[in-house]
Amino acid sequence: YANLIIKKITSLIDLFNPVQNQDLSANRLILLISIIFGGISLFALFSQLSFIKFVIFNDDGRWDSSMLFYFLPLIFLPLTTYLFWRLKKIGWILLCGYLIYSSIGTLVLIIMNWNREPLGIPSIESLFPQTPTLNLILLLFFYLGTLWVLLKEQIRLKFNINTISVVLTISIVALLS
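Residues numbered from 1 in each chain as written. Predicted model: local features only at pLDDT ≥ 70, side-chain atom pairs only at ≥ 80, totals over all residues. Heavy atoms only, no water.

Asks: How would you summarise the overall build of the chain if you had to cite specific residues and measurements?
Replies: Along the chain, the regular secondary structure elements total 9 helices and 0 strands. Taken from the N to the C terminus, the helices and strands of the chain come in the order α-α-α-α-α-α-α-α-α. Taken over the C-alpha trace, the chain has a radius of gyration of 20 Å; the compact-globule value for 177 residues is 16 Å, which it surpasses by more than 25%. Considered along the principal axes of its C-alpha atoms, the chain spans approximately 60 × 40 × 35 Å. Looking at the 177 residues of the chain, the share that counts as buried comes to 29%. For the chain, the accessible surface area stands at approximately 12,600 Å², while carbon and sulfur atoms represent 69% of it. Each charge sign in the chain was given a centre, from 12 positive and 8 negative side chains, and these centres are 16 Å apart. (Helix = DSSP H or I, 4+ residues; strand = E, 2+ residues; numbered from the N terminus. Rg over C-alpha atoms; globule rule 2.2 N^0.38 Å. Buried < 20%, exposed > 50% of the residue type's maximum accessible area, 1.4 Å probe, protein only. Areas by Shrake-Rupley, 256 points an atom, 1.4 Å probe, with all protein chains shown as cover. Lys, Arg positive; Asp, Glu negative; His and termini not counted. Charge placed at Lys NZ, Arg CZ, Asp CG, Glu CD.)

Next up, the structure:
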């Protein structure tokens, strides 16, 4: 039993090993992407936990339609990650949609940051700090890099995604963004 645990830990460490002798298989790439986005989902959930508790358990917390838009991303990304990990076609489509939407949103933020001029009022500048443009550029590269991996043929074959589905997914999400 101990050897099985050691073997599983070693295989998990090998998954994150930056020096690989060969290309990662489709299954390992899917597992790696699932772990990364699962971690992102958990981080988002735990960072909003105090507000979630306030809304659910406090009498002052009100439920209205805006709460749906607040909680939707907290439900959407974990669900998408789970479906992607289970090799469901809808999981691939939703994750690609999320990456395209996030890429477009990050690109808009980069352009806005690039063109933003300081207001000259220190109190407002400290209240609404500017996100460094380099951070946004790195985030854009992360989204686009992950999207590039999802569009690889070996990954698409695992999810039974054809070229028409790829073009439709990208087109619809880009138009809706």
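Asks: Which residues make up the packing of helix H5 (residues 89–115) against helix H9 (residues 163–176), and what are the values?
Replies: For the pair H5 and H9, the least separation of the axes is 9 Å and the interaxial angle reads 40°. Judged on the interaxial angle alone, H9 and H5 are oblique. When you trace H5 past H9, the crossing you get is right-handed. From H5, Lys89, Trp92, Ile93, Cys96, Gly97, Ile100, Tyr101 and Ile104 reach across to H9, where they touch Ser165, Val166, Thr169, Ile170, Val173 and Ala174. Per-class residue counts for the contact of H5 with H9 are 10 nonpolar, 3 polar and 1 charged. (Axes fitted to C-alpha atoms, helices over the stretch in contact; angles between N-to-C directions. Parallel < 35°, antiparallel > 145°, perpendicular 65-115°, else oblique. Left-handed = near helix turned anticlockwise from the far one by under 90°. Contact = heavy atoms within 4.5 Å. Nonpolar A, V, L, I, M, F, W, Y, C, P; charged D, E, K, R; others polar.)

Asks: Report on the packing of aromatic side chains, specifying residues and quantitative values.
Replies: The full count for this structure, using the stated rule, is 7 aromatic pairs. When the centroid spacing of 6.5 Å and the interplanar angle of 40° are considered together, the rings of Phe76 and Tyr98 count as tilted. Of this pair, Phe76 sits in helix H4 (residues 65–85) while Tyr98 sits in helix H5; the two residues are 22 residues apart in sequence, bridging distant segments of the chain. Summarising the aromatic geometry, the rings of Tyr82 and Trp85 are spaced 5.9 Å apart at their centres and angled 50° between planes, so their arrangement reads as tilted. In this pair, Tyr82 and Trp85 are both assigned in helix H4, 3 residues apart and thus about one turn of the helix distant. Residue classification places Tyr82 among the partly exposed residues on the basis of a relative accessible area of 45%. Following the ring pairs from residue to residue traces out a cluster consisting of Phe37, Phe76, Tyr98, Phe142 and Tyr143. Above the plane of the ring of Trp85 lies Arg86, whose end atom (NZ or CZ) is 5.3 Å from the centre. (Phe/Tyr/Trp six-rings, centres within 6.5 Å; stacked < 30°, edge-to-face > 60°. Lys NZ or Arg CZ within 6 Å of the ring centre and 35° of its normal.)

Asks: Tell me about the packing of helix H3 (residues 49–57) against H4, residues and numbers included.
Replies: Between H3 and H4, the least distance of the axes is 12 Å, while the angle of their chain directions is 135°. Considered as vectors, H3 and H4 are oriented oblique to each other. Between H3 and H4 lies a crossing whose hand is left-handed. Contacts between H3 and H4 pair Phe51, Ile52 and Val55 from the former with Met67, Tyr70, Phe71 and Leu74 from the latter. Tallied by class, residues from the contact of H3 with H4 come to 7 nonpolar, no polar and no charged.

Asks: Could you give me a rundown of the side chain of Thr106, with the residues and numbers involved?
Replies: Residue position: Thr106 is located in helix H5. Residue class for Thr106 comes out buried when judged on its relative accessible area of 4%. A polar contact is formed between the side chain of Thr106 and the backbone oxygen of Ser102, at a distance of 2.7 Å. With near-sequence residues (within four places) excluded, Thr106 lies in contact with Leu136, Leu139, Leu140 and Tyr143. (Polar contact = N/O pair within 3.5 Å; in protein donor to acceptor, adjacent residues only side chain to side chain.)

Asks: I'd love a proper account of unusual backbone geometry, names of residues and values included.
Replies: Of note, Leu87 is a non-glycine position whose phi angle comes to about 65°, a positive value. Position of Leu87 among the secondary structure elements: in the loop between H4 and H5. Residue classification places Leu87 among the partly exposed residues on the basis of a relative accessible area of 35%. A positive phi angle is found at Asn160, which is not glycine, with a value near 60°.

Asks: Got a sec to walk through a nonpolar patch on the surface? Specific residues and values, please.
Replies: Together, Leu119, Ile121, Ile124, Leu127 and Phe128 make up a nonpolar patch on the protein surface, roughly 490 Å² of accessible area in all. Within the secondary structure, Leu127 sits in helix H6 (residues 122–127). (Patch = residues over 30% accessible without salt bridge, like charges linked within 9 Å, V, L, I, M, F, W, Y side chains within 5 Å. Salt bridge = Lys/Arg side-chain N within 4 Å of Asp/Glu carboxyl O.)

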